[in-house]
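# A closer look at the structure
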Amino acid sequence: MHWGLFLTALLPIIWLIFALGVLKMAGSKACSIGLILTLVLAIFVFRMNILDSLTAALEGAVMGIWPIVYIIIAAVFTYNLTTASGSMATIRNGLSSITSDKRLLVLIIAWGFGGFLEAIAGFGTAVAIPASILIAFGVNPILSATICLIANTTPTAFGAIGLPVTTLAQISGLDVMHLSYLVTIQLLPLIIIIPFVMVALIGGGFKAIREVWAPTLAAGLAFGLPQIFVARFLGAELPAIIGSIVCIIVTVLFALRYEHKHPGTKKTAVAAPKANEFVLAAMPFILVFVFVMLASPLVPPLNHFLTGIKSAITIYTGAGAKPYVFNWVSTPGTLIILATIIGGLIQKMKLGEIFKILGKTAVQMVQTLITVCAIVALAKVMGYSGMIASIAATLVGLLGAFYPIVAPLIGALGTFVTGSDTSANVLFGNLQRQAAVALHDSTYWVVAANAVGATAGKMISPQSIAVASAATNLQGQEGEILKKSMKFFLIYLVIICIWIFASGLFIHALHI
């Protein structure tokens, strides 16, 4: 073990933690400085050729733009359009009119609908919208923020049309379908547990679960089990979308049954929209679902045709360079934008208005563009220069066979620092792979642990808490929200680490 190189390689990560967590520096500025620091270290300490280091950074920046930021713009465009058209209010009213029991409302709005928003859009919408709805039903703002932060954990692994896992597979060079499948397996226990925690929080204790244990269990199973099936056969784009839809349907049915058995319960004052009004309001989301489904391996002829529309260019000039592939039509970003435009036209919006919203969304993402491009470029330079290999070798040497128990912790650290499951996978995905290879462990299992651990960090990420505080009008009280969420984060992380380590030993023993 070379401690000097190990500590030097850690400097960019230490800088990001310090800049974002202590200095509260904007992500775009912190990541840009981090990239410059990484380039200097790669060139002068790790003896990386200057041209190689610059082209490595360029490859990362290109990857940051296409497909990552492109998908982010598309996803937020869908949300912005439905908000501008008034459709989001109709969707909220439709979900809110089903029951007045806050325990069931939490399962429908924060868990089911929040999971769907994360699957389609991500990037704060799954915290902001459900939190504001819960407050409208009289839920304490800090409690509302905490519940939504807890709910917005497991769905983030496949948020924004599967972007985190798709990116992780690309960074680590692994098959995306098998990796997606193992992520769903690792997430299942937490997907079942979280709804019970949410109900206990809203009900003032675990006694609140007694009357609604069946819909609570159903909400977890209905979300988790379809994810496993979809990931196994379709890949990373649809698990959270289909899981959340099934969860909403099942939970609504249980809620209606509960209301029927308790006729004395005070009904909500929110008027339910008509079925055709609700479908029309949800049309952009419905079309996104349909388009992504049609372009998936579920429809091989169309999938093969769309994935064939691509270009490839070699950007990195060093050893091990591979052509970077641009999938022009099959990328979720293109599919989402097309679906949203058509959905807006069906809702009688003018084409000029739709493109105006798209333009404003793109401008809205400028800081995100800088942040993502910088963090992906930083990760690429760290990978190509051998910095990540140095960190991995040292950690493996220190922890040996116990390394997999800290693999989720590394993923959680990445999300805490960057605020993004995708960025955490970019930052540490290759490190996890190299560590697994050095240990002769299950590479897919250890790499998947990074994505699962990253979902934990989302709960206490400064960016997530900032979104929660803004949505609940608690600016200045971020510390209170963090304090409330921290204990749940620690419990969540401990469960992940133990479950992944123990089950990983079993898988390794069976040579799966």
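Calculation criteria
- Residues numbered from 1 in each chain as written.
- Predicted model: local features only at pLDDT ≥ 70, side-chain atom pairs only at ≥ 80, totals over all residues.
- Heavy atoms only, no water.
- UniProt positions renumbered as here; feature names shortened; annotations may be inferred.
- Axes fitted to C-alpha atoms, helices over the stretch in contact; angles between N-to-C directions.
- Helix = DSSP H or I, 4+ residues; strand = E, 2+ residues; numbered from the N terminus.
- Parallel < 35°, antiparallel > 145°, perpendicular 65-115°, else oblique.
- Left-handed = near helix turned anticlockwise from the far one by under 90°.
- Contact = heavy atoms within 4.5 Å.
- Buried < 20%, exposed > 50% of the residue type's maximum accessible area, 1.4 Å probe, protein only.
- Phe/Tyr/Trp six-rings, centres within 6.5 Å; stacked < 30°, edge-to-face > 60°.
- Lys NZ or Arg CZ within 6 Å of the ring centre and 35° of its normal.
- Salt bridge = Lys/Arg side-chain N within 4 Å of Asp/Glu carboxyl O.
- Expected span 1.5 Å × (residues − 1).
- Bend = angle between axes of the 7 residues up to and from the residue.
- Polar contact = N/O pair within 3.5 Å; in protein donor to acceptor, adjacent residues only side chain to side chain.
- Core = buried A, V, L, I, M, F, W, Y, C linked by side-chain atoms within 4.5 Å.
- Pairing = 2+ DSSP bridges.
- Disulfide = S-S within 2.5 Å.
- Nonpolar A, V, L, I, M, F, W, Y, C, P; charged D, E, K, R; others polar.
- Patch = residues over 30% accessible without salt bridge, like charges linked within 9 Å, V, L, I, M, F, W, Y side chains within 5 Å.
- Areas by Shrake-Rupley, 256 points an atom, 1.4 Å probe, with all protein chains shown as cover.

In the annotation of an unreviewed UniProt entry, the entry for the protein chain reads L-lactate permease, and the organism field reads Loigolactobacillus binensis. Listed under Sequence similarities (unreviewed entry) in UniProt, the entry text for the protein chain is "Belongs to the lactate permease family." What UniProt states about the protein chain under its Function (unreviewed entry) heading is, verbatim, "Uptake of L-lactate across the membrane. Can also transport D-lactate and glycolate."

### Focus: the packing of helix H9 (residues 176–203) against helix H21 (residues 443–460)
For the pair H9 and H21, interaxial distance at closest approach is 9 Å and the crossing angle is 55 degrees. When the axis of H9 is compared with that of H21, the two are oblique. By crossing handedness, the relation of H9 to H21 is classed as right-handed. Residue-level inspection shows His178, Leu179, Leu182, Val183, Ile185, Gln186 and Leu187 of H9 in contact with H21, the latter providing Tyr444, Trp445, Val447, Ala448, Ala449, Ala451, Val452 and Thr455.

### Side note on unusual backbone geometry
Across the junction of Trp66 and Pro67, the peptide omega takes the value 20 degrees, indicating a cis bond. Structurally, the position occupied by Pro67 is in helix H3 (residues 50–84). A positive phi is found at Ala160, a non-glycine position, where the angle reads about 50 degrees. Using a relative accessible area of 2% as the deciding quantity, one classes Ala160 as buried.

### So, the packing of aromatic side chains
The way to describe two aromatic rings as a pair is by their centre distance and the angle between their planes. Taken as a whole and judged by the stated rule, the model has 10 aromatic pairs. Look at Phe116 and Phe285: their rings are 5.5 Å apart centre to centre, the planes differ by 70 degrees, and that puts the pair in the edge-to-face class. Linking Phe116 in helix H5 (residues 102–120) with Phe285 in helix H13 (residues 283–295), this pair joins segments that are 169 residues apart in sequence. Residue Phe116 shares its accessibility class with Phe285, and that shared class is buried. Each ring, one from Tyr324 and one from Phe326, has its centre 5.2 Å from the other, and the planes form 80 degrees; the classification is edge-to-face. The class of Tyr324 is buried, set by a relative accessible area of 6%. Here the basic side chain of Arg232 rests over the ring of Tyr181, its NZ or CZ set 5.8 Å away from the ring centre. Here the basic side chain of Arg232 rests over the ring of Phe233, its NZ or CZ set 5.2 Å away from the ring centre.

### A word on the pattern of salt bridges
One pass over the full model with this rule turns up three salt bridges. Here Glu59 and Lys380 are joined by a salt bridge, their closest N and O atoms 3.2 Å apart. Of this pair, Glu59 sits in helix H3 while Lys380 sits in helix H17 (residues 366–385), and the two are 321 residues apart along the sequence. Of the two residues, Glu59 and Lys380, neither departs from the other in class, the shared state being buried. One salt bridge in this structure joins Glu211 and Arg103, with 3.1 Å as the shortest N-O distance. One end of the pair, Glu211, is in the loop between H9 and helix H10 (213–234); the other, Arg103, is in helix H5, and 108 residues separate them in sequence.

### Concerning helix H20 (residues 421–439)
Look at H20: 25 Å from first C-alpha to last across 19 residues, which is about the 27 Å you get at 1.5 Å a residue. A maximum bend of about 45 degrees is found in H20 at Phe428. Among the 19 residues that make up H20, 14 are buried, leaving the element largely enclosed by the rest of the structure. You can read the cap of H20 off the contacts: a side-chain oxygen lies 3.1 Å from the backbone nitrogen of Thr422, and it is on Ser420. Positioned one or two residues after H20, His440 has a phi angle of 55 degrees, which is positive.

### Concerning the nonpolar core
Counting 172 residues, the largest nonpolar core has Trp111, Ile147, Val183, Ile391 and Leu431 as its most contacted members. For this core, the element with the most residues is H3, which contributes 15 residues. Apart from the residues lying within four places of it in its own chain, the contact partners of Ile391 are Phe6, Ala9, Leu10, Ile13, Met382 and Leu431.

### Quick look at the pairing of strand S2 (residues 324–327)
Residues Tyr324 and Phe326 point to one face of S2 and are all buried, whereas Val325 and Asn327, pointing to the other face, are not buried. Pairing of strand S1 (residues 310–313) with S2 involves four bridges; the strand directions are antiparallel. The residue bridging Ser311 from the neighbouring strand is Phe326, located in S2.

### Here we look at the state of the cysteines
Evaluation of the coordinates by the stated rule reveals zero disulfides. Not engaged in a disulfide, the cysteine Cys247 finds its nearest cysteine sulfur in Cys148; these two sulfurs lie 14 Å apart. Cys247 sits in the buried class, given a relative accessible area of 0%.

### A closer look at the side chain of Lys380
Accessibility expressed as a relative area gives 17% for Lys380, which makes it buried. Engagement of the side chain of Lys380 in a polar contact is seen with the side chain of Glu59, the distance being 3.2 Å. Setting aside anything within four residues of it in sequence, one finds Lys380 in contact with Ala56, Glu59, Gly60, Met63 and Ile171.

### A closer look at the packing of H17 against helix H18 (residues 387–399)
Packed helix pairs are specified by the crossing angle of their axes together with the interaxial distance, meaning the distance between the axes. Close contact between H17 and H18 brings their axes to 4 Å; oriented N to C, the two are set at 70 degrees. In terms of their interaxial angle, H17 and H18 are classed as roughly perpendicular. Residues Ala379, Met382, Gly383 and Ser385 of H17 lie in contact with H18, whose contacting residues are Met387, Ile388 and Ile391. Grouping the amino acids of the contact of H17 with H18 by side-chain chemistry returns five nonpolar, two polar and no charged.

### Focus on H17
Every α-helix winds through 3.6 residues per turn, so residues three or four apart in the chain are directed the same way. Across its 20 residues, H17 extends 28 Å between first and last C-alpha, which sits within 8% of the 28 Å expected from 1.5 Å per residue. Backbone geometry just downstream of H17 places Gly386 in the positive-phi region, at approximately 95 degrees.

### Section: a nonpolar patch on the surface
Taken together, Val279, Ile286, Val290, Leu294, Leu302, Phe305, Ile309 and Trp328 make up a surface patch of nonpolar side chains, about 630 Å² in accessible area. Of all the secondary-structure elements, those providing two or more residues to the nonpolar patch are H13 and helix H14 (300–307). It is H13 that contributes the most residues to the nonpolar patch, three residues altogether. Its location among the elements puts Leu294 in helix H13.

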